[in-house]
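Spelled out, the chains give:
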Amino acid sequence: LRTHATRARPPPAGDRAAVASEVANAVKAAGVASLLTSGALAQLQAGVEDKDAGKREGALLAISSVADVVGRPAEPYLMPLLGAVLNLLADKAGPVRAAAQKAQVSLETVLNAHGIVAVLPTLFDAMLAQKWQTNEGACKMLSALADRAPRQVAVCLPDIVPKVTEAMGNARPAVKDAAVDAMTKCMFVVG
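My aim in this report is to walk through the structure given alongside it, one point at a time. (Residues numbered from 1 in each chain as written. Predicted model: local features only at pLDDT ≥ 70, side-chain atom pairs only at ≥ 80, totals over all residues. Heavy atoms only, no water.)

This part is about the environment of Asn135. Its place among the elements puts Asn135 in helix H10 (residues 132-148). The exposure class of Asn135 is buried, given its relative accessible area of 2%. Residues Asn135 and Leu123 lie 12 residues apart in sequence; the distance between their C-alpha atoms is 8.6 Å. Not counting residues up to four positions away in its chain, the partners in contact with Asn135 are Ala126, Met127, Leu128, Ala129, Asn170 and Val175. A distance of 2.9 Å separates a polar side-chain atom of Asn135 from the backbone oxygen of Met127. (Helix = DSSP H or I, 4+ residues; strand = E, 2+ residues; numbered from the N terminus. Buried < 20%, exposed > 50% of the residue type's maximum accessible area, 1.4 Å probe, protein only. Contact = heavy atoms within 4.5 Å. Polar contact = N/O pair within 3.5 Å; in protein donor to acceptor, adjacent residues only side chain to side chain.)

Right, let's talk about the pattern of salt bridges for a bit. Tallied over the entire structure, the rule returns 6 salt bridges. Its salt-bridge partner being Lys140, residue Glu136 comes within 3.3 Å of it at the nearest N-O pair. Of this pair, Glu136 and Lys140 both sit in helix H10, 4 residues apart, which is roughly one turn of the helix. Between Lys185 and Asp147 there is a salt bridge, and its shortest N-O distance comes to 3.0 Å. Taken as a pair, Lys185 in helix H13 (residues 173-188) and Asp147 in helix H10 lie far apart in primary sequence, 38 residues in all. A residue is classified by how much of its surface remains accessible, and Asp147, at 47% relative accessible area, is partly exposed. Linked by salt bridges that have partners in common, Asp147, Asp181 and Lys185 make up one network. (Salt bridge = Lys/Arg side-chain N within 4 Å of Asp/Glu carboxyl O.)

Take helix H5 (residues 53-70) next. Look at H5: 25 Å from first C-alpha to last across 18 residues, which is about the 26 Å you get at 1.5 Å a residue. Taken across its 18 residues, H5 has 14 buried, putting it largely inside the fold. The N-cap residue of H5 is Asp52: its side-chain oxygen and the backbone nitrogen of Gly54 are 3.1 Å apart. The positive-phi residue at the C-terminal boundary of H5 is Gly71, with phi of around 80°. (Expected span 1.5 Å × (residues − 1).)

With that out of the way, let us pick up the layout of surface pockets. Of the voids in this model, the second largest pocket is the one considered here, and its volume is about 200 Å³. Every residue along the wall of the second largest pocket is listed here: Leu89, Arg97, Gln101, Gln104, Val105, Glu108, Gln133, Glu136, Gly137 and Lys140. Listing elements by their share of the lining of the second largest pocket, those giving two or more residues are helix H8 (94-110) and H10. Looking at the lining of the second largest pocket, the element that brings in the most residues is H8, giving 5 residues. In terms of residue class, the lining of the second largest pocket is made up of 2 nonpolar, 4 polar and 4 charged. (1 Å grid on protein atoms, 1.4 Å probe; cavity = no way out; pocket = protein on both sides within 12 Å on 5 of 7 lines; lining within 4 Å. Points joined across faces, edges and corners; volume = space filled by probe spheres on them. Nonpolar A, V, L, I, M, F, W, Y, C, P; charged D, E, K, R; others polar.)

What follows is the structure in C-alpha cells.
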C-alpha cells in the first residue's frame, strides 16, 4: 500500500485505473485503517487538490475503487473528501470530471443512511457553489439519497427545503432540473 500511495510521478492515463484498483485491494487486504497508517488518505487528499490533472484523476479513481472494493468500512475515511469530489465535477479536464462523477456515485453507495445528516452541509455548500456542474452534482446526490434513505431525509427536510429552493433558482437549466428533481424526491419521502 505504501508503494502506491507515495509514487513520485503519476502513472500514465491508462494505468491510473489499474493502480487505483491495486490500492483498493491493498487497503482491503491490510484493513481499512491502513488508509491512515500508510499515509494513503493524506495522499488522496493531496491528489484531489493537486494542480496536475493526472494526479487529480488518479486520486478520484482511487477514491472510487476503495469505496467500491472496501465498501461501508471505508465511509468514515473517504466521506471527508466529498466536498473536493463535488468541486472536481467542474474541473477543466474531461477525464477528471468523469472520474469525479464515478467517485461521487461510489461515495453515495457507501454512505450510511444515518450519515446523511453529516454530509448535508457539504451538499448544501456544493449546491450553492460557483460552478454549475458542482451544483448539479450535489442536487443529484441528494436526490439519490432521498431514494435510498427516505426516513433519514424526512427528518432533515427543515434544513433541506430552503437550500434546494435556493438551488431551484439557478440560471442553468441542468441545475434547475436537478434541484426540482431533488425537491420532488425529498417531498415524496413524507408522502
